[in-house]
Each structure stands twice: as structure tokens, then as C-alpha cells.
Amino acid sequence: MEMASASLEEEIIMSLLDRIRQRQGEEQMTQPPILGQDQKQERERQRKDDTFNELKGKVHLKLLNLLDLSRLMEASESALQEDLRRGVEMILAEDKIPLPSPEKERLCREIRNELLGYGPLEPLLSDPGINDILVNSYDRVYVERRGKLEPSAIRFTDNAHLLKIIEKIASGVGRRIDESCPMVDARLPDGSRVNAIIPPLALDGPALSIRKFSRIPITVADLIGFGAITAEMAEALQGMVRARLNILISGGTGSGKTTFLNVLSSFIPYDERIITIEDSAELQLQQDHVVRLETRPPNLEGQGEVTQRDLVRNALRMRPERIILGEVRGGEALDMLQAMNTGHDGSLATIHANSPRDALTRLETMVSMAGLNLPDKATRHQISSAIHVVIQLARLSDGTRKMINLYEIVGMEGDMITMQEIYSFNLMGLTEDRKVKGRFIASGIRPKFMKRLEGMGIALPSSLFQDS
């Protein structure tokens with residue numbers, strides 16, 4: 001009995017301890033978390049920003065009635081700043097709102113951005129160190145610097161403010177975005193690529209993605225300096241372009257395909273007629289004899305759409321010497337291959353793929369999207385005879401972008417397209433500061449296209465294809 005009584009007491013004590021621990025846990029969960037110093041500072045900054053944005057909205061509305069916007073559009077920068085400053089000071093004096101000089105300057109600057117620019121995006125767009133701007137919601141903005149994403153302190157007032165900026169961007173290139181058409185691809189005046197998606201498709205409010213392009217086009221010397229290619233590779237690439245080889249640039253999202261295409265296009269002689277075809281115009285060709293074509297989405301009635309395939313067909317009637325296709329993504333692949341196989345040599349195009357072999361497989365799939373039901377072998381034969389070189393780009397773990405493969409298409413073996421590797425990048429791990437370590441390797445194989453280069457008087461030393 002004594003043992004049973006002791007056991008019962010122990011169970012009661014354990015049960016009591018469990019209940020006490022459970023109660024303490026519940027109390028801890030209901031207590032508000034103790035904010036760290038950084039969190040307190042962040043909340044205080046957000047509170048000040050909210051107050052400032054509220055004031056900016058009120059002043060902005062009053063300025064619209066006070067100023068002549070048509071005259072402001074034509075005014076010089078100094079006259080514009082002076083008019084805005086006087087208007088802001090007048091409104092603040094009327095409402096008896098004291099504001100320090102730095103805050104007043106900030107208010108004038110941000111109102112100018114709202115009136116004539118893209119609001120809070122303006123400082124990010126003018127920062128040359130930023131490559132991508134990613135707006136997840138009005139209060140969550142991220143930017144990419146040196147290949148790495150980081151949060152930005154920039155915020156919009158609310159979802160309506162963000163939507164207003166998106167509509168302004170879309171209308172600038174004749175596109176629209178609303179509930180009936182909640183997605184849009186557009187571009188900024190400097191060529192930067194824009195994608196926006198709004199509710200009901202975006203659940204947390206409008207989302208905006210901007211891929212910026214350098215105001216000063218990147219050159220082949222820049223690529224060599226960045227370590228994306230070597231000087232020997234650059235010399236070989238220049239020879240390929242001048243010899244009018246058809247080149248397909250493959251890579252994942254953000255691997256630098258458009259930039260690389262711009263650099264390759266700089267090797268095209270200035271006396272040749274170039275036609276560019278894009279979904280959203282991004283290429284920055286430096287030649288004079290260039291005709292730029294861009295697709296058009298359907299209108300409100302679902303009519304008037306012009307696809308890339310339509311533009312490729314039309315380009316063939318425009319006496320092109322070079323056709324540059326911004327990105328192959330559909331049935332236009334068949335028309336592109338037929339153009340390459342019927343005298344339009346020297347064409348350039350990009351495609352989304354993770355390897356050269358995947359690029360050819362995707363191209364084969366896109367040809368089937370044209371709806372002609374060609375046999376697989378016939379499609380592969382067209383690809384192998386049309387395309388001479390496939391270049392593979394990649395964005396590595398440290399954010400750098402490199403040409404990791406260059407393959408030459410040499411023909412067919414049975415039902416398979418055969419390729420040989422000319423250049424590759426050999427990854428050798430990471431350094432202590434997490435930078436990619438590796439080296440470019442030449443396979444030592446003399447490309448078959450060298451005969452074509454020699455026939456056109458373009459002499460490349462054999463050492464370019466030998467590993468040093």
C-alpha cells in the first residue's frame with residue numbers, strides 16, 4: 001500500500017508540473033515579443049515614411065491644381081525644380097506645416113518623380129549598380145546588385161500607388177493592364193524590360209519586375225574584363241559573326257543572353273541591313289542600318305495581334321542581310337530555320353535552355369508548335385543544316401555570368417544531331433569569399449567552320465582552339 005501511495009503521489013506531482021509548464025508556455029506565447037533595437041528602428045522608420053507619404057499625397061494633389069503641367073513638361077530642369085519648390089512652399093505655408101529644409105528638398109524631389117517619372121522607382125532606375133528591381137508588393141521591394149538580391153528601403157504608399165505606376169509604364173508603350181488583361185510585358189524608354197501582374201492573379205497586390213539595361217552598352221572588352229569570356233574566345237566569336245555563321249545563344253533566366261547577343265551584334269559590319277524581331281524591344285544595336293520590329297498583343301476585342309512568326313515572315317520580304325530574333329519561343333522557330341536554310345546566313349537568336357542539347361530539343365519542340373506535323377528526322381535535319389554554333393551561358397552561384405560552353409553542330413548520325421565542344425568552362429570550386437573558381441578550356445579540336453572562315457578571307461590562328 002505504501003508503494004502504491006508513493007506512486008500515486010508521484011503521478012499527481014508530475015501531472016501538476018506538466019500543467020504548470022503548459023500554462024507557462026501558453027503565457028509566453030500570448031506575451032508580445034520583445035522587439036530588438038533593429039526592429040524598433042525599422043518600425044520607427046516605417047512610421048515616419050507613412051507620415052511623409054501621406055503629406056506627399058496631399059501636396060501632390062494640390063500641386064496638380066496649382067501648376068500648368070503642359071508647361072512643366074517643356075521646362076528646363078532648373079526651372080522645373082524652382083516651380084515645384086515655390087508651389088510646395090506655398091502649400092506648406094497655407095496649411096501651416098513646418099518642414100525642415102532637407103525634408104522639403106526630399107518632398108520636391110519625390111513629387112517631381114511622381115509627376116514626370118516613375119515615382120519611388122526613380123532612384124533605383126538611376127542607380128547604375130542595380131541590375132534588377134523586384135517589387136513583390138507596395139511595401140516589399142528587392143534589388144539585385146552584383147548578382148545578389150537584397151531588400152530595398154524604397155516603398156510605395158499603397159497598392160493603388162503601385163498600380164498607378166504600372167499603368168503609367170504600360171501606357172507609355174501602348175500596352176494596357178486591367179482586370180481583363182492582368183499581365184503585361186513592356187519596356188522603359190531606356191530599353192529596360194518590364195513585367196507586371198496584378199490582382200486577381202497576384203494575390204498580395206500588384207507585382208512588378210524590371211530588368212535594367214546599361215545606358216552605356218556593354219562591349220566585348222567589358223565581357224573580357226568581367227571574366228565572362230577570354231580574349232581568345234572573343235577573337236573566335238568575332239570571326240564567326242563576320243563569316244555569317246548562324247548562332248544560337250542558350251541559357252537560363254538572368255544568364256545574360258540579351259547582353260551577349262548585343263555584344264555579338266557589334267561584330268556585324270556597319271554596311272549590312274539588319275532586321276531585329278522581339279516581343280519587347282530590348283536590343284541596343286550600334287549600327288545605322290537597322291529596322292526594329294516588335295510584336296503587338298490583341299486589343300480589347302481580341303483582334304489585331306501580331307506574333308513573332310508574323311514578323312519573321314514579313315522580315316523575309318524586307319531584303320534583310322541579317323535577322324536577329326530576340327528570343328525563340330514558339331512556331332516562329334520553323335520560319336527562322338527555313339530562312340537560315342534559304343540564304344539568310346549570319347542570323348542570331350536566343351533560347352531558354354540549360355544545355356546545348358536541351359536547346360536543340362526545345363527548338364525541335366517549337367518547330368512542332370507550327371502545326372505542320374513534320375517527321376522528327378526532317379526537323380532535326382533542318383536544325384543541323386541551319387545552325388552552326390550553340391553558345392551556352394550560365395549564371396553561377398556567386399552571381400557572375402559566363403560562357404560555359406561553345407558547341408559546333410557538325411551534322412547528323414542516324415537520327416541524332418552531332419556536336420563537338422570547342423570551348424568550355426571548368427568549375428574548380430569556390431574561394432574563401434565564396435567566389436567561383438575555374439578556368440576556360442579549349443578542346444583542341446579544329447572546328448569545321450574554319451574552312452568557311454578561310455574561304456571568306458578571315459584568318460584565325462590555330463592557337464585560339466588549343467588549350468594553353
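Caption draft 1: Region of the structure containing the nonpolar core. Grouped together as the largest cluster of nonpolar side chains are 45 residues, with contacts concentrated most on Leu 237, Ile 247, Phe 260, Leu 264, Ile 391, Met 403 and Tyr 423. Secondary structure elements with two or more residues in this core: helix H9 (231-242), strand S7 (247-251), helix H10 (257-265), strand S12 (389-395), strand S13 (401-413), strand S14 (416-430), strand S15 (436-442) and helix H15 (450-455). Broken down by element, the residue count for this core peaks at six residues, all from H9. Not counting residues up to four positions away in its chain, the partners in contact with Tyr 423 are Glu 232, Met 233, Ala 236, Met 403, Ile 404, Asn 405, Leu 406, Ile 441, Ala 442, Leu 464 and Phe 465. Ranked by size, the runner-up nonpolar core spans 32 residues in total, among them Leu 248, Leu 293, Leu 337 and Met 340.

Caption draft 2: Up close: the environment of Glu 305. Note on placement: Glu 305 falls in the loop between strand S9 (290-294) and helix H11 (308-315). Residues within four places of Glu 305 in sequence aside, it is in contact with Arg 296, Pro 297, Pro 298 and Asp 310.

Caption draft 3: Region of the structure containing H10. Counted residue by residue, H10 has eight buried out of nine residues, so it is predominantly covered. Inspection of H10 places Lys 257, Thr 258, Phe 260, Leu 261, Asn 262, Val 263, Leu 264 and Ser 265 among the buried residues, and these make up the whole buried set.

Caption draft 4: Fine view of the sheet that holds strand S2 (residues 140-145). Read from one edge of the open sheet, six strands run S3-S2-S1-S6-S5-S4, paired in antiparallel fashion. Every interior strand has two partners, whereas the edge strands, strand S3 (148-152) and strand S4 (183-187), have only one. Sheet twist, expressed as the mean angle between neighbouring strand axes with direction ignored, is 15°. Note: strand S5 (residues 193-197) against strand S6 (residues 207-211), five bridges, orientation antiparallel. Pairing of Ala 196 across the sheet is with Leu 208, part of S6.

Caption draft 5: Examining the sheet that holds S13 more closely. Spatially, S9-S8-S10-S11-S7-S12-S13-S14-S15 is the arrangement adopted by the nine strands of the open sheet, whose pairing is mixed. A strand with exactly one partner marks an edge of an open sheet, and here the two such strands are S9 and S15. Each adjacent strand pair in this sheet contributes to an overall mean axis angle of 25°, direction not counted. In this sheet, strand S10 (residues 322-325) lies alongside strand S8 (residues 274-278) in parallel orientation, the contact comprising four bridges. Note that in S10 the partner of Ile 275 across the bridge is Ile 323. Across the sheet, H9 touches S7, S10, S12, S13, S14 and S15, and the angle it forms with S13 is around 45°.

Caption draft 6: Representation of the side chain of Ser 265 in the model. In this fold, Ser 265 is placed in helix H10. If we skip the residues at most four places from it in the chain, Ser 265 touches Leu 285, Gln 287, Ile 324 and Leu 348.

Caption draft 7: Unusual backbone geometry, seen in detail. Residues Pro 199 and Pro 200 are joined by a peptide bond in cis, for which omega reads 15°. Its place among the elements puts Pro 200 in the loop between S5 and S6. The phi angle at Arg 319 is positive, at roughly 50°, despite the residue not being glycine. Tracing the backbone through its elements, the reader meets Arg 319 in the loop between H11 and S10. Of note in this structure, Arg 434 is not a glycine but carries a positive phi near 65°. Looking at the secondary structure, you find Arg 434 in the loop between S14 and S15.

Caption draft 8: Looking closely at the confidence of the model for the protein chain. Confidence in the prediction of the protein chain, expressed as mean pLDDT, is 83, and 85% of residues score 70 or more. At the level of individual helices and strands, the protein chain shows its lowest average pLDDT in helix H1 (residues 2-30), which scores 49, and its highest in S7, which scores 96. Ignoring residues within four places in sequence, the model shows residues 1-6, a span with pLDDT below 50, making zero contacts including any to other chains. Per-residue pLDDT stays below 50 along residues 27-34; that stretch engages in one contact with residues further than four places along the chain or on separate chains.

Caption draft 9: Looking closely at the packing of helix H12 (residues 332-340) against helix H14 (residues 376-386). Relative to each other, H12 and H14 sit at 50°, their axes nearing to 9 Å. By the angle class used here, H12 and H14 are oblique. As H12 packs across H14, the resulting crossing turns out to be left-handed. Taking contact as the criterion, the partners of Leu 334, Leu 337, Gln 338 and Met 340 in H12 are, on H14, Gln 382, Ile 383 and Ala 386. In terms of residue class, the contact of H12 with H14 is made up of five nonpolar, two polar and no charged.

Definitions and cut-offs
- Residues numbered from 1 in each chain as written.
- Predicted model: local features only at pLDDT ≥ 70, side-chain atom pairs only at ≥ 80, totals over all residues.
- Heavy atoms only, no water.
- Core = buried A, V, L, I, M, F, W, Y, C linked by side-chain atoms within 4.5 Å.
- Buried < 20%, exposed > 50% of the residue type's maximum accessible area, 1.4 Å probe, protein only.
- Helix = DSSP H or I, 4+ residues; strand = E, 2+ residues; numbered from the N terminus.
- Contact = heavy atoms within 4.5 Å.
- Pairing = 2+ DSSP bridges.
- Axes fitted to C-alpha atoms, helices over the stretch in contact; angles between N-to-C directions.
- pLDDT = per-residue confidence, 0-100.
- Parallel < 35°, antiparallel > 145°, perpendicular 65-115°, else oblique.
- Left-handed = near helix turned anticlockwise from the far one by under 90°.
- Nonpolar A, V, L, I, M, F, W, Y, C, P; charged D, E, K, R; others polar.

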